[in-house]
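Below, each chain spelled out in residue letters.
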Amino acid sequence: MTKTSIGFVLGTQESTPLEFWVAVSPGRVLRLDDVVEIQTYRPDDRNSIIHFYGVVDYVRTIYEGTQFDTDTFLASKGSLPVNISYAARVQVTRIEPEEYLPPQPGDRVCLAENEDLKKALHFDRMEKPISAGLMRNGSPAYFNFEFINGEKGGHLNISGVSGVATKTSYALFVLHAIFNSAALGNQRANTKALIFNVKGEDLFFLDKSNSRLREEDRQDYQTLGIPIEPFKDIRFCAAPRKNDRDITPHLDQRSENISVYLWSLRELCRDRLFSFLFAGDDLQRGNLGFLVSGVTEKLARLARDNDRQDKKNNRQLGSHLVADEAYGNDDKSRIETFRDLIEFLEHKLLVEPSDPRWLGRNAGATAEALIRRLWGIASEMSHLIRGDLSPKEMADYRLDPLDIAYQLSIVDINKLGGKAQKFVVGVLLQKLFTEKEKRGQNPIVFIVLDELNKYAPRDGRSPIKDLLVEIAERGRSLGIILIGAQQTASEVERRVVGQAAVRVVGRLDSAEAERPEYNFLTGACRKRSLLLKSGSMFIHQPEVPAPLLVNFPFPAYATRKVEASRTQAEIEELEADLDRF
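What counts and what doesn't
- Residues numbered from 1 in each chain as written.
- Predicted model: local features only at pLDDT ≥ 70, side-chain atom pairs only at ≥ 80, totals over all residues.
- Heavy atoms only, no water.
- Helix = DSSP H or I, 4+ residues; strand = E, 2+ residues; numbered from the N terminus.
- Buried < 20%, exposed > 50% of the residue type's maximum accessible area, 1.4 Å probe, protein only.
- Contact = heavy atoms within 4.5 Å.
- Areas by Shrake-Rupley, 256 points an atom, 1.4 Å probe, with all protein chains shown as cover.
- Lys, Arg positive; Asp, Glu negative; His and termini not counted.
- Charge placed at Lys NZ, Arg CZ, Asp CG, Glu CD.
- Salt bridge = Lys/Arg side-chain N within 4 Å of Asp/Glu carboxyl O.
- Pairing = 2+ DSSP bridges.
- Axes fitted to C-alpha atoms, helices over the stretch in contact; angles between N-to-C directions.

**A short note on the overall build of the protein**
Step number 1: Assigned secondary structure in the protein consists of 19 helices and 22 strands.
Step number 2: Principal-axis analysis of the C-alpha atoms places the extent of the protein at approximately 100 × 70 × 50 Å.
Step number 3: For the protein, the residues scored as buried account for 51% of the 581 residues in total.
Step number 4: Within the protein, counting contacts between residues at least 6 apart in sequence, those at least 24 apart form 71% of the total.
Step number 5: Surface summary for the protein: the accessible area is close to 27200 Å², and the carbon and sulfur share equals 46%.
Step number 6: Here the protein carries 78 positive and 83 negative side-chain charges, and the mean point of each set is 2 Å from the other.

Spelled out as structure tokens, the structure:
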């Protein structure tokens, strides 16, 4: 196949094995992100051919034959004879064979196309490629799935300004590409994903086709080899409404096929979830963290005692707790609400004489601080933690991230307060981590979590932060892959961001772009990140030494209610309703 010659290796700038300049031929164009290929020879052996591949990371034009700035005006009038020098700098991405010799001035430079393009960006070595988007030349770019799924590396991290960087949209695109890729092999049906919906209700229409998909978008999907279809096998989960006698999902735009999630009081205590009720700042003050740990263990022991009593009496395990002694002004013995739990702990820790087994060596002021914080979140948590439901009813509201009936679970936390959001995320991740430790690596579970700086901030400690660090460091060996996103990677715990083998950057703030967390970007890429439009991302992965700019197509699935296409069944149902009138 004839190669497209674009110019020659420049002789007035130094060439090295890692970087060289190209003199662009008249009438030719070489842009940022273009991929080029050259052939050179060993000086001592003309039969030994060396191939250099690289990505253009800098281009410039300049007048030759001028001395002063004002000569530009004379040249533009034709009064001064000049030539235009059009040159580009190339960052080398691959040398075959690995002979680290510099290319020679005058070597012909060609655009890398087809197989040369795959070699230049190491796509030819990927046994499990996943579509990452389209490059500037219209060719598909790929991720090596082995650096995402835990085989050689794990996790993917996305940074960018909110509303412009399209972080969640790109995470969904990657997930959609993975679910429809041959890279999953016989594990495709078993692969799961858990997405936390933190903004609005846009993710509750992913099972609908996008009615606004254009013809050019369809062509992009065909180029990428991704089917034009919505997500399948989805479970939508939402928190219950507050102060509602009936347990109904707290959603405004969708009501069908929605599951409600909540936890029983006994589950909270038995599974040691009590500590997730406290934010990181709370546990760092005084000895509160030690008291919370002690109370967590005492509640777990009380829950296990209740379980043994239910089994002894041939009863199903209840959702409430039976106290080991009467508490409160009414001398209650059953703990059925979150407020009952707080009153029970008040009785154990504050009412004289306090129970030394529960208070330990902690001061009364520490116990008062714990109770104050519990009362402070009572309105946020009371509708999520119940003890007044039967075992059969609780089974309907139990959320299992590994449920074999669903491939994708959308968990809405948008309507919850800040402490309740952290509780839900922490509890579900803890449950997933515990189950995966028992079951092993398969099936792989992807976790999509935005606002990582909120759940794993750089400063301070909390149960959920410790859990996310554990997932970042050990998760890939257990088949837990974190697709995390945040506006500012500089505010996220280093161990969480640093463990991500694949990094993605959208539009960045100018101050954030200078942070060391983005050292994987070249200087030119950092400047360009301030100008990126929605749908454009820089991607970086271990096998490709240079960041690549990609664009991903408009979603084939609805990401908001106005985009959702009605199915034929929905249209017939709507027509039937109209006929009744």
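**Things to note about the pattern of salt bridges**
Step number 1: The final tally for this structure, using the stated rule, is 47 salt bridges.
Step number 2: Close ionic contact of glutamate 146 with lysine 152 constitutes a salt bridge, the shortest N to O distance being 3.2 Å.
Step number 3: A relative accessible area of 6% means that glutamate 146 is categorised as buried.
Step number 4: Between aspartate 305 and arginine 308 there is a salt bridge whose closest N-O contact spans 2.2 Å.

**With respect to unusual backbone geometry**
The bulk of non-glycine residues show a negative phi, and the bulk of peptide bonds are trans.
Step number 1: With an omega of -10°, the peptide bond running from glutamate 96 to proline 97 counts as cis.
Step number 2: The amide bond that connects asparagine 442 to the next residue, proline 443, takes the cis arrangement and shows omega of 0°.
Step number 3: Turning to its location among the elements, proline 443 is positioned in the loop between helix H13 (418-439) and strand S18 (445-449).
Step number 4: A positive phi angle, near 80°, is found at aspartate 33, a position not held by glycine.
Step number 5: Looking at the secondary structure, you find aspartate 33 in the loop between strand S2 (19-24) and strand S3 (35-42).
Step number 6: With a phi close to 80°, histidine 155 is a non-glycine residue in the positive phi region.

**Some points on the sheet that holds strand S4 (residues 45-64)**
Step number 1: On the basis of which strands lie adjacent, the closed barrel formed by six strands has the order S1-S2-S5-S4-S3-S6 and antiparallel pairing. Direction aside, the axes of adjacent strands within the sheet are offset by 40° on average.
Step number 2: Here S4 runs beside strand S5 (residues 83-96); their pairing, made up of 13 bridges, is antiparallel. What sits directly across from glutamate 64, in S5, is asparagine 83.

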